Amino acid sequence: MKFIIDNIFLIGLAILSGGALIIPMLQQRGGNKLTLLQATQLINQNKTVILDVRDEAQFAAGHIRDARNIPARELAKRVGELEKLKTRNFLVVCQSGTQAAGAAATLAKAGFPEVFCLTGGMSAWQAQSLPVVGGAAAAVKGAA
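Residues numbered from 1 in each chain as written. Predicted model: local features only at pLDDT ≥ 70, side-chain atom pairs only at ≥ 80, totals over all residues. Heavy atoms only, no water.

Right, let's talk about the sheet that holds strand β5 (residues 115-118) for a bit. Here we have five strands laid out as an open sheet, ordered β1-β5-β4-β2-β3, and parallel in their pairing. Since the sheet does not close on itself, it has two edges, and those belong to β1 (32-34) and β3 (68-69), each with one partner. Strands in contact with helix α3 (residues 36-44) are β1, β2 (48-52), β4 (89-93) and β5; relative to β1, the strand with the most contacts, it is inclined by about 95°. Contacting β1, β2, β4 and β5, helix α6 (residues 99-109) crosses the sheet at an angle of about 175° to β5. (Pairing = 2+ DSSP bridges. Helix = DSSP H or I, 4+ residues; strand = E, 2+ residues; numbered from the N terminus. Contact = heavy atoms within 4.5 Å. Axes fitted to C-alpha atoms, helices over the stretch in contact; angles between N-to-C directions.)

The structure is reproduced here in structure tokens:
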């Protein structure tokens, strides 16, 4: 007991540093997160399936080129549609990056080995003026 009392600050420091190591692991539960730069690099390798889990209206308003749309609420029932693409990387995109984690977990549970989430979602993508298809982007292209 004397050892614990004499070294309480060292013990506290060890517990605090252990907690600091565990927190990032807990935050990774919903799949690996990719920055916009990492995501564009992965997309440019042409080995990535982009899965947009927003609803149909949001998808129609603007989405990443070649993205497939399966709303998050339907993903568990429709995961079979993606079965033939299981060997490819998957980039899951939602509006702000929050729904993508749940969808990534659903894909991982179904046996998809490489599933990533876009940090910040379509909001971050559009804020950086990265290319989108549909919606206002299509109207601008049509006017040019």
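A surface patch of nonpolar side chains, about 780 Å² in accessible area, is lined by Met-1, Phe-3, Ile-4, Ile-5, Ile-8 and Phe-9. Among the secondary structure elements, those contributing two or more residues to the nonpolar patch are α1 (2-6) and α2 (8-27). Counting residues per element, the nonpolar patch draws most heavily on α1, at three residues. On the secondary structure map, Ile-5 appears in helix α1. Overall, Ile-5 belongs to the exposed group, its relative accessible area being 59%. (Patch = residues over 30% accessible without salt bridge, like charges linked within 9 Å, V, L, I, M, F, W, Y side chains within 5 Å. Areas by Shrake-Rupley, 256 points an atom, 1.4 Å probe, with all protein chains shown as cover. Salt bridge = Lys/Arg side-chain N within 4 Å of Asp/Glu carboxyl O. Buried < 20%, exposed > 50% of the residue type's maximum accessible area, 1.4 Å probe, protein only.)

Our focus in this paragraph is the layout of surface pockets. Considering only enclosed or pocket space, the largest pocket measures out at about 390 Å³ in volume. At the level of secondary structure, the elements contributing two or more residues to the lining of the largest pocket comprise α3 and β2. Residues of the lining of the largest pocket, tallied by class, amount to nine nonpolar, four polar and five charged. (1 Å grid on protein atoms, 1.4 Å probe; cavity = no way out; pocket = protein on both sides within 12 Å on 5 of 7 lines; lining within 4 Å. Points joined across faces, edges and corners; volume = space filled by probe spheres on them. Nonpolar A, V, L, I, M, F, W, Y, C, P; charged D, E, K, R; others polar.)

Residues spaced three or four apart along an α-helix face the same direction, because each turn holds 3.6 residues. Of all the residues in α6, the buried ones are Ala-100, Ala-101, Ala-103, Ala-104 and Leu-107. Each buried residue of α6 sits inside an arc of 165° when the element is viewed along its axis, so together they form one side. Summarising the contacts, the buried residues of α6 are in contact with β1, β2, α5 (75-78), β4 and β5. Note on α6: the residue one or two positions beyond its end, Gly-111, has a positive phi of about 100°. (Arc of directions from axis to C-beta.)

Scanning the entire structure with this criterion turns up one aromatic pair. Between the aromatic rings of Phe-90 and Phe-112, the centroid separation amounts to 5.1 Å while the plane-to-plane angle is 80°, which identifies the pairing as edge-to-face. Residue Phe-90 is found in strand β4, and its partner Phe-112 is found in the loop between α6 and β5; the two are separated by 22 residues along the sequence. Each member of the pair Phe-90 and Phe-112 is classed as buried. Geometry around Phe-112 places Lys-86 over its ring, the cationic atom sitting 5.4 Å from the centre. (Phe/Tyr/Trp six-rings, centres within 6.5 Å; stacked < 30°, edge-to-face > 60°. Lys NZ or Arg CZ within 6 Å of the ring centre and 35° of its normal.)

Quick look at the pattern of salt bridges now. One pass over the full model with this rule turns up seven salt bridges. When the shortest N-O distance is used, the salt bridge between Glu-56 and Arg-73 registers 3.6 Å. Placement of the pair is Glu-56 in helix α4 (residues 56-61) and Arg-73 in the loop between β3 and α5, with a sequence separation of 17 residues. A relative accessible area of 59% means that Arg-73 is categorised as exposed. Here Asp-66 makes a salt bridge to Arg-65, at a shortest N to O gap of 3.1 Å. Shared partners join several salt bridges into a network, and the residues in it are Glu-74, Arg-78 and Glu-81.

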